[in-house]
Amino acid sequence: MNRIVIENCAVATVDAADTEYASGHLVVAGNRIESVGAGPAPRDLPDVVRRIDGTGHLATPGLVNTHHHFYQWLTRGLAQDCNLFDWLVALYPTWARIDEEMVHAAARGSLAMMARGGVTTAMDHHYVFPRGTGDLLGAEIRAAGELGVRFTAARGSMDRGASDGGLPPDFAVESTEGALAATEEAIDTHHDGGFDSMLQIAVAPCSPFSVSTELLREGAALARRKGVRLHTHGSETVEEEKFCHELFGMGPTDYFESTGWLGEDVWMAHCVHMNDADIAAFARTGTGVAHCPSSNARLAAGIARVPDLLAARVPVGLGVDGTASNESGELHTELRNALLVNRLGSHREKALTVRQALRLGTHGGARVLGRQDQIGSLEPGKLADLVLWKLDGIGHSTIADPVAALVLGAAAPVTLSLVNGEPVVADGRLLTADENEIARTARDEAHRLARIAAGG
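Thresholds, definitions, all that
Residues numbered from 1 in each chain as written. Predicted model: local features only at pLDDT ≥ 70, side-chain atom pairs only at ≥ 80, totals over all residues. Heavy atoms only, no water. Helix = DSSP H or I, 4+ residues; strand = E, 2+ residues; numbered from the N terminus. Rg over C-alpha atoms; globule rule 2.2 N^0.38 Å. Buried < 20%, exposed > 50% of the residue type's maximum accessible area, 1.4 Å probe, protein only. Contact = heavy atoms within 4.5 Å. Areas by Shrake-Rupley, 256 points an atom, 1.4 Å probe, with all protein chains shown as cover. Salt bridge = Lys/Arg side-chain N within 4 Å of Asp/Glu carboxyl O. Phe/Tyr/Trp six-rings, centres within 6.5 Å; stacked < 30°, edge-to-face > 60°. Core = buried A, V, L, I, M, F, W, Y, C linked by side-chain atoms within 4.5 Å. Pairing = 2+ DSSP bridges. Axes fitted to C-alpha atoms, helices over the stretch in contact; angles between N-to-C directions. Parallel < 35°, antiparallel > 145°, perpendicular 65-115°, else oblique. Left-handed = near helix turned anticlockwise from the far one by under 90°. Nonpolar A, V, L, I, M, F, W, Y, C, P; charged D, E, K, R; others polar. Expected span 1.5 Å × (residues − 1). Polar contact = N/O pair within 3.5 Å; in protein donor to acceptor, adjacent residues only side chain to side chain.

Asks: Looking at this model, I keep getting lost on the overall build of the protein. Mind explaining?
Replies: Of the regular secondary structure elements, the protein holds 14 helices and 17 strands. On C-alpha atoms alone, the protein measures out to a radius of gyration of 21 Å, which is about the 23 Å that the 2.2 N^0.38 rule sets for 456 residues. Its C-alpha atoms give the protein principal-axis dimensions of roughly 70 × 45 × 40 Å. For the protein, the proportion of its 456 residues judged to be buried stands at 60%. Contacts in the protein between residues far apart in sequence, at least 24 positions, make up 74% of those at least 6 positions apart. With the model as given, the accessible surface of the protein reaches about 16,600 Å², and the carbon-plus-sulfur share is 50%.

The following block contains the structure:
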């Protein structure tokens, strides 16, 4: 079994004890972490194909993204000064015209940007399926395979179009039966529940205001029959809370619980507007949260109660969210933004520490995706998803604490990123794809989408 040795670097394992080494080593054997410890690695290890001097670097688990919408890569920079509902109204007419080629180009752009910034496990929530536009979910899955990134594809759906009081055009939503059938087919075709799986499927109706109660209930039943996880948007804005009270006579959390959408196999994006009872319900049921600080700020949604969620032992990870509401498309910037934004809330400087921020982006995300036994920390036996961050350049050289340098400092360059033991990024560049070609193709597809949306 071939081995890769990394040594002379700081190591933040993000294990249960938050074990760190000021100068340590990692040994990767095949696709597993074989050992982690202080000092240099043993010199007599057999079958070492690469020995890396990590001086000036910090090794961490690979970052885990828990919420995204890849297709939005093609509509970045639009609707710049809108709240969520106005933003959706402005962009749905364009999103409703995506096709397979566009989604493939957008997925490659989104995945490339995340991978370059230390993401080793990506997730996407795709819920726009205009009729007759090809295999959109398959386009994303193909892109993740091409770039070599571990992937959770949340097969989304909407069955409430404009004629039923929803926001998207009718031709961009599915029937309830069609959405459920397509979701089941995606699970049967693509889901791999194995320990070292590179591809998993989740059941993911879009949101309370874009899907029927029947789709939520039947979606939850489908997921549990198939043994996969459940994902949706929840409690993102005050408008959503008002909508739920007016239509269902209860708030979002109570509504979700009434439809079977709380549990250890569920995670929700945003969860900004939650009261104490909502947080208690998530804690009682083990329901997870994808915290998206940049998108929440971009759309003026508010500040999620992350310190209170963590204190209640609710699973919390980080999400980029769609790149039409987080144009950077990077998760490592969310480490910093999660810390800074939450310190603007009621807990102020006690809200989050730099190590809590790193945990959100690694082990927290793995827990939210149900993969904490496989990824999210640097421990023997876990999958070899890890990142070596360069911290001896001008942007970080005077910050003595390497975790603080990573979280509070400028975006750190990635010297090496391994996924399943395979190099995906080296010296800040993708090894698995041509970044210039990805940029050109995405730009061309964005222009084509704009022309179609404008009637050209």
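Asks: Please clarify how the pattern of salt bridges should be interpreted in this entry.
Replies: Once their charged atoms are close, side chains differing in charge can pair, the charge on each being opposite to the other. One pass over the full model with this rule turns up 25 salt bridges. Of the charged contacts in the structure, one is a salt bridge between R43 and E7, with a shortest N-O distance of 3.1 Å. Within this pair, whereas R43 is found in the loop between β3 (32-38) and β4 (48-53), its partner E7 is found in strand β1 (residues 3-12), the two being separated by 36 residues in sequence. Since its relative accessible area comes to 60%, R43 is described here as exposed. Residue class for E7 comes out buried when judged on its relative accessible area of 4%. Ionic pairing is found between D308 and R305, a salt bridge with its closest N-O pair at 2.9 Å. Connected through shared salt-bridge partners, E184, D188, R225 and K226 make up one network.

Asks: Sorry if this is basic, but what is going on with the packing of aromatic side chains here?
Replies: By convention here, two paired aromatic rings are described through the distance between centres and the angle between planes. Going through the model one piece at a time under the given rule, you end up with ten aromatic pairs. Aromatic pair F248 and Y255: ring centres 3.8 Å apart, planes at 5°, arrangement stacked. The class of F248 is buried, set by a relative accessible area of 19%. The class of Y255 is buried, set by a relative accessible area of 2%. Feature note: the residues F85, F209, F243, F248, Y255 and F256 constitute an aromatic cluster, connected by ring pairs.

Asks: Explain the nonpolar core here, please?
Replies: The nonpolar side chains of soluble globular proteins are, as a tendency, buried together. W87, W95, L111 and L430 are the most contacted members of the largest nonpolar core, which totals 112 residues. If you tally residues by element for this core, the top one is helix α2 (residues 100-116), at eight residues. In this structure L111 touches F70, A122, A143, A144, L147 and V149, once residues within four positions along its chain are discounted. Counting residues in each nonpolar core, the second largest holds 16 residues, with I4, V11, V36 and I52 among its members.

Asks: Is there a simple way to explain the sheet that holds strand β13 (residues 316-318) in this structure?
Replies: Strands belonging to one sheet form pairs held by backbone hydrogen bonds; the direction of such a pair is parallel or antiparallel. With respect to topology, eight strands assemble into an open sheet ordered β6-β7-β8-β9-β10-β11-β12-β13, the strand pairing being parallel. Edge strands, defined here as strands with exactly one partner in the open sheet, are β6 (63-64) and β13. Of the pairings in the sheet, the one linking strand β9 (residues 199-205) to strand β10 (residues 229-234) comprises two bridges and is parallel in character. The partner of A202 across the bridge, within β10, is R229. Where helix α3 (residues 136-147) meets the sheet, its contacts fall on β7 (119-126), β8 (150-157) and β9, and the angle it forms with β8 comes to roughly 170°. Across the sheet, helix α11 (residues 332-342) is in contact with β6, β12 (288-291) and β13; its angle to β13 comes to roughly 125°.

Asks: How do you make sense of the packing of α2 against helix α14 (residues 435-453) when you look at a structure like this?
Replies: For any two helices packed against each other, the geometry comes down to the angle between their axes and how far apart the axes lie. At their nearest, the axes of α2 and α14 sit 9 Å apart, and the two run at 140° to each other. The angle between α2 and α14 places the two elements in the oblique class. Helix-helix and strand crossings are classified by hand; for α2 and α14 the assignment is left-handed. Residues E101, M102, A105, R108, G109, A112 and R116 of α2 form the contact with α14, whose participating residues are E435, E437, I438, T441, A442, E445, R448, L449 and I452. Residue composition of the contact of α2 with α14, grouped by class: seven nonpolar, two polar and seven charged.

Asks: Where do I start with unusual backbone geometry in this structure?
Replies: The phi torsion of most residues other than glycine is negative, and most of the peptide bonds are trans. If you check the backbone angles, V14 has positive phi at about 55° while not being a glycine. Looking at the element boundaries, V14 is found in the loop between β1 and β2 (20-29). Look at V14 and you get buried, because its relative accessible area is 3%. The backbone of N420 sits at a positive phi, close to 60°, despite the residue not being glycine. Secondary-structure assignment places N420 in the loop between β15 (414-419) and β16 (422-426).

Asks: I keep staring at α3 and nothing clicks. Help me out?
Replies: For an α-helix, the turn length of 3.6 residues means that residues three or four places apart are oriented alike. Look at α3: 17 Å from first C-alpha to last across twelve residues, which is about the 16 Å you get at 1.5 Å a residue. Here α3 lies mainly inside the structure; nine of its twelve residues are buried. Residues of α3 that are buried include every one of L136, L137, G138, A139, E140, I141, A143, A144 and L147, and no others. Capping the start of α3, D135 holds a side-chain oxygen 2.9 Å from the backbone nitrogen of G138, two or three residues further along.

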